[in-house]
Protein chains: 2
Amino acid sequence: MGHRLLSRCFGFKSNKLILKEELPQFNSTFSIDCVIFGFDGGELKILLIERNEEPFKDWWALPGNLVRANESLDQSASRILNELTGLGDIYMEQYYTFGDPDRHPQGRVVSIAYYALLRLGGDKALKPISTYAKQAHWVNVKDLPKLAFDHQQIFDKGLEKIKRRIKHQPIAFELLPEKFTLTQLQNVYELILGKKLDKRNFRKKMLSFGVLRDLDEKQKGVSFRAATLYRFDKRKYAKLFGKEISF
Amino acid sequence: MGHRLLSRCFGFKSNKLILKEELPQFNSTFSIDCVIFGFDGGELKILLIERNEEPFKDWWALPGNLVRANESLDQSASRILNELTGLGDIYMEQYYTFGDPDRHPQGRVVSIAYYALLRLGGDKALKPISTYAKQAHWVNVKDLPKLAFDHQQIFDKGLEKIKRRIKHQPIAFELLPEKFTLTQLQNVYELILGKKLDKRNFRKKMLSFGVLRDLDEKQKGVSFRAATLYRFDKRKYAKLFGKEISF
DNA sequence: ACATTTACTGTGTTATTTACACTAACCCTG
DNA sequence: CAGGGTTAGTGTAAATAACACAGTAAATGT
């Protein structure tokens with residue numbers, strides 16, 4: 001068992017009393033919780049599950065799970081997302097770890113939080129749910145139900161993080177289809193930053209970074225003037241090295 | 001024991017094979033590692049310990065320890081810092097969690113990383129070291145030895161984080177004494193950002209934020225023209241709400 | 001053709017950033 | 001006490017970025 005090794009390697013004396021007090025591993029574990037943001041062209045949503053197990057049975061919660069013995073934290077987060085959505089190769093980022101001793105009513109569970117960003121195609125089906133959840137739903141971030149555990153806090157911090165990040169990093173594109181219009185891009189910024197932006201200034205600035213490729217192609221299937229489509233050009237972005245995008 | 005409860009609450013079936021594969025808590029725990037930055041007026045340093053235990057006996061490492069059963073992560077980080085330096089009420093911030101399955105040779109140890117910022121008075125004695133370390137030293141960040149475990153990676157990420165943070169948040173003052181000169185403040189920015197800044201522009205911008213109080217007092221004990229002393233004014237900073245400092 | 005809806009465009013004003021070099025004050029030494 | 005050494009302290013002009021603001025163009029549907 002691990003405690004002997006661990007106590008030695010961290011220099012604790014092998015006094016059982018001290019061990020019981022100091023070492024948490026007999027009654028603890030770690031999990032991943034994910035704030036999975038999705039954008040469907042109009043609303044910013046996150047994926048919530050309805051729990052089918054105690055504690056917090058029937059409550060809504062962030063998708064999460066225990067970390068397996070042989071997977072890294074990033075792998076674990078990807079797996080959780082994949083198990084729910086069937087998707088892989090999704091942008092995810094670890095942003096904070098929550099570890100209050102009493103955040104979980106049944107033991108010490110330290111939870112490492114990730115956010116994910118993806119685009120919601122109209123037909124994106126969720127995979128069948130595993131036993132611990134009854135169902136999963138995309139919920140508008142402006143209309144969240146009460147959440148289990150400290151998940152409201154985890155969500156709040158996640159939203160705060162992407163607010164900061166979108167100002168300097170090209171993460172908005174993760175929420176959009178490959179081809180998008182400038183208006184859609186502006187929508188993403190406005191939803192995440194929580195404020196209206198001036199259209200002309202937004203377009204001027206965004207184009208000035210030189211990271212968008214004009215596709216010479218128009219939007220289709222809209223009942224009004226079609227907008228031109230753009231694509232985010234990773235090569236051009238890489239060449240910005242040093243210069244920072246800033247909103 | 002916790003596994004039963006935990007497996008239930010996360011919806012795993014109580015099948016021992018599955019448990020062994022999926023649940024890590026039998027051979028795992030979590031620790032805190034701290035990048036403790038100190039500024040002595042000239043150099044930016046971090047506190048390293050020389051390990052006295054396997055693995056990595058005799059290597060230099062970041063101060064760290066296991067999290068105790070009843071303390072929060074923040075409390076644990078503060079305790080580790082206090083045990084080494086005797087100091088309390090120090091600025092600390094959690095910034096990333098490292099959890100590769102093989103980052104620790106003797107078991108799964110997920111480590112939550114914190115950075116701390118403090119000023120080094122000339123006479124700041126370190127406390128006697130506990131059994132797991134032979135000694136602790138302040139080491140210039142430009143001259144770090146090879147570090148144990150993945151501690152180089154943990155340090156790198158910590159430095160990266162304070163680089164970002166110092167641009168928008170008033171953390172530089174944590175590294176300085178209460179009364180400081182503008183030149184000292186500029187030194188801190190230059191050391192952390194890793195580049196020279198223009199003196200006149202720096203002073204102009206810094207003063208324009210209106211968060212420094214001119215103390216009508218001069219530096220003492222220098223063998224040249226004495227500079228005026230300033231203090232960071234938290235009240236004035238609080239009133240900036242919304243407006244952001246930016247370098 | 002007309003109404004409706006969204007795409008698209010430019011300029012003047014103000015604030016911020018940048019680049020840049022000399023004098024002032026103080027200490028120390030001879 | 002004069003002069004050398006060292007750091008403190010100061011201003012301006014030019015370039016760039018930020019901001020406020022409104023009307024025409026293009027496509028669709030009736």
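The present account deals with the structure reproduced in this document. (Residues numbered from 1 in each chain as written. Chains lettered and ligands numbered in written order. Predicted model: local features only at pLDDT ≥ 70, side-chain atom pairs only at ≥ 80, totals over all residues. Heavy atoms only, no water.)

1. Side note on the pattern of salt bridges
Pairing is possible between side chains of opposite charge, provided their charged atoms come close.
Argument step 1. Scanning the model with the defined rule gives 31 salt bridges over all chains in all.
Argument step 2. Beyond isolated ion pairs, a larger network of salt bridges with shared partners links Glu50, Lys57, Asp58 and Lys134 of chain A. (Salt bridge = Lys/Arg side-chain N within 4 Å of Asp/Glu carboxyl O.)

2. Notes on helix 6 (residues 199-208) of chain A
Argument step 1. By the N-cap criterion, in which a side-chain oxygen at the helix start approaches the backbone nitrogen of a residue two or three places on, helix 6 of chain A is capped by Asp198 of chain A, the distance to Arg200 of chain A being 3.2 Å.
Argument step 2. One or two positions beyond helix 6 of chain A, positive phi appears at Gly210 of chain A, with a value near 70 degrees. (Polar contact = N/O pair within 3.5 Å; in protein donor to acceptor, adjacent residues only side chain to side chain. Helix = DSSP H or I, 4+ residues; strand = E, 2+ residues; numbered from the N terminus.)

3. Comments concerning the nonpolar core
Considering soluble globular proteins, one finds that nonpolar side chains tend to be buried as a cluster.
Argument step 1. Judged by nonpolar contacts, the single largest core of 51 residues is most densely connected at Ile32 of chain A together with Ile32 of chain B.
Argument step 2. Not counting the four nearest positions on each side in its chain, Ile32 of chain B is found in contact with Pro63, Gly64, Asn65, Val67, Leu73, Ser76, Ala77, Ile80, Ser111, Ile112 and Tyr114 of chain B. (Core = buried A, V, L, I, M, F, W, Y, C linked by side-chain atoms within 4.5 Å. Buried < 20%, exposed > 50% of the residue type's maximum accessible area, 1.4 Å probe, protein only. Contact = heavy atoms within 4.5 Å.)

4. Some thoughts on the protein's contact with DNA strand C
Argument step 1. Surveying the vicinity of DNA strand C reveals 18 residues, the closest of which are Arg200, Arg203, Arg225 and Thr228 of chain A together with Arg225 of chain B.
Argument step 2. Each atom of DNA strand C within 4 Å of the protein was classed as base or backbone; sugar and phosphate made up 40%.
Argument step 3. Arg225 of chain A is positioned with one of its side-chain polar atoms (N or O) 3.0 Å from a base nitrogen of DNA strand C.
Argument step 4. Broken down by secondary-structure element, the contributors of at least two residues to the surface near DNA strand C are helix 6 of chain A together with helix 6 (199-208) of chain B.
Argument step 5. A breakdown of the residues in the surface near DNA strand C according to their chemical character gives four nonpolar, four polar and 10 charged. (Near = heavy atom within 4 Å. Nonpolar A, V, L, I, M, F, W, Y, C, P; charged D, E, K, R; others polar.)

5. Here we look at the packing of helix 5 (residues 182-193) of chain B against helix 6 of chain B
Residue and element names in this part refer to chain B.
Argument step 1. The N-to-C vectors of helix 5 and helix 6 enclose an angle of 100 degrees; their axes lie 11 Å apart at closest approach. Between helix 5 and helix 6, the angle falls in the class roughly perpendicular. Between helix 5, through Leu182, Thr183, Leu185, Gln186 and Tyr189, and helix 6, the contact on the second element is made entirely by Lys199, Phe202, Arg203, Met206 and Leu207.
Argument step 2. By residue class, the composition of the contact of helix 5 with helix 6 is six nonpolar, two polar and two charged. (Axes fitted to C-alpha atoms, helices over the stretch in contact; angles between N-to-C directions. Parallel < 35°, antiparallel > 145°, perpendicular 65-115°, else oblique.)

6. Some details on unusual backbone geometry
Argument step 1. The omega torsion of the bond from Glu54 of chain A to Pro55 of chain A falls at -5 degrees, within 30 degrees of zero and hence cis.
Argument step 2. Considering the arrangement of structural elements, one finds Pro55 of chain A in the loop between strand 2 (44-51) and strand 3 (60-61).
Argument step 3. One non-glycine residue, Phe56 of chain B, lies in the positive phi region at around 65 degrees.
Argument step 4. Along the polypeptide, Phe56 of chain B turns up in the loop between strand 2 (44-51) and strand 3 (60-61).
Argument step 5. Assessed through its relative accessible area of 22%, Phe56 of chain B is described here as partly exposed.
Argument step 6. At Asp89 of chain B, a residue that is not glycine, the phi angle is positive and equals roughly 55 degrees.
Argument step 7. Positionally, Asp89 of chain B belongs in the loop between helix 3 (73-85) and strand 5 (91-98).
Argument step 8. Using a relative accessible area of 84% as the deciding quantity, one classes Asp89 of chain B as exposed.

7. A short note on the packing of helix 4 (residues 151-166) of chain B against helix 5 of chain B
Residue and element names in this part refer to chain B.
Argument step 1. Relative orientation of the contacting elements helix 4 and helix 5 amounts to 135 degrees, with a least axis distance of 9 Å. By the criterion of interaxial angle, the relationship of helix 4 to helix 5 is oblique. Considering the relative orientation of helix 4 and helix 5, their crossing is left-handed. Along the contact surface, helix 4 presents Ile162, Lys163 and Ile166, while helix 5 presents Val188, Tyr189, Ile192 and Leu193. (Left-handed = near helix turned anticlockwise from the far one by under 90°.)

8. Here we look at the side chain of Gln169 of chain B
Argument step 1. Positionally, Gln169 of chain B belongs in the loop between helix 4 and helix 5.
Argument step 2. With relative accessibility at 17%, the residue Gln169 of chain B sits in the buried group.
Argument step 3. Here Gln169 of chain B is in contact with Arg164 of chain A together with Tyr237 of chain B, once residues within four sequence places are set aside.

9. Focus on the protein's contact with DNA strand D
Argument step 1. For DNA strand D, the set of nearby residues contains 18 residues, the closest of which are Arg225 of chain A together with Arg200, Arg203, Arg225 and Thr228 of chain B.
Argument step 2. Of everything in DNA strand D that lies within 4 Å of the protein, sugar and phosphate atoms constitute 44%.
Argument step 3. Between DNA strand D and Arg200 of chain A, the relevant distance is 3.1 Å, taken from a base nitrogen to a side-chain nitrogen or oxygen of the residue.
Argument step 4. Between Arg225 of chain B and DNA strand D, the recorded distance is 3.0 Å, taken from a side-chain N or O atom to a base nitrogen.
Argument step 5. Within the residue set of the surface near DNA strand D, elements represented by two or more residues are helix 6 of chain A together with helix 6 of chain B.
Argument step 6. Of the residues contributing to the surface near DNA strand D, the split by class is four nonpolar, four polar and 10 charged.

10. With respect to the packing of aromatic side chains
We describe a pair of aromatic rings using the distance from one ring centre to the other and the angle between the two ring planes.
Argument step 1. Inspection of every chain in the model, using the stated rule, returns 26 aromatic pairs over all chains.
Argument step 2. Centre to centre, the rings of Tyr91 of chain A and Tyr115 of chain A are 6.5 Å apart; their planes meet at 40 degrees, and the pair counts as tilted. Taken as a pair, Tyr91 of chain A in strand 5 (residues 91-98) and Tyr115 of chain A in strand 6 (residues 108-119) lie far apart in primary sequence, 24 residues in all.
Argument step 3. Assessed through its relative accessible area of 2%, Tyr115 of chain A is described here as buried.
Argument step 4. Taking 5.5 Å as the distance between ring centres and 65 degrees as the angle between the ring planes, the aromatic pair formed by Tyr189 of chain B and Phe202 of chain B counts as edge-to-face. (Phe/Tyr/Trp six-rings, centres within 6.5 Å; stacked < 30°, edge-to-face > 60°.)

11. Here we look at the pairing of strand 1 (residues 28-39) of chain B
Residues and elements named next belong to chain B.
Argument step 1. Within strand 1, 12 of the 12 residues are buried, leaving the element largely enclosed by the surrounding structure.
Argument step 2. Of the two faces of strand 1, the one holding Ser28, Phe30, Ile32, Cys34, Ile36 and Gly38 and the one holding Thr29, Ser31, Asp33, Val35, Phe37 and Phe39 are both buried throughout.
Argument step 3. Here strand 1 runs beside strand 6 (residues 108-119); their pairing, made up of 12 bridges, is parallel. Within the sheet, the bridge partner assigned to Ile36 lies in strand 6 and is Ala116.
Argument step 4. Summarising the sheet, strand 1 and strand 4 (residues 64-66) pair through three bridges and their orientation is antiparallel. Following the sheet pairing, Ser31 is matched in strand 4 by Leu66.
Argument step 5. Bridge analysis of strand 1 against strand 2 gives three bridges, and the strand direction is antiparallel. Following the sheet pairing, Phe39 is matched in strand 2 by Leu44. (Pairing = 2+ DSSP bridges.)

From the geometry alone we can't say anything about function, so treat these as descriptive.
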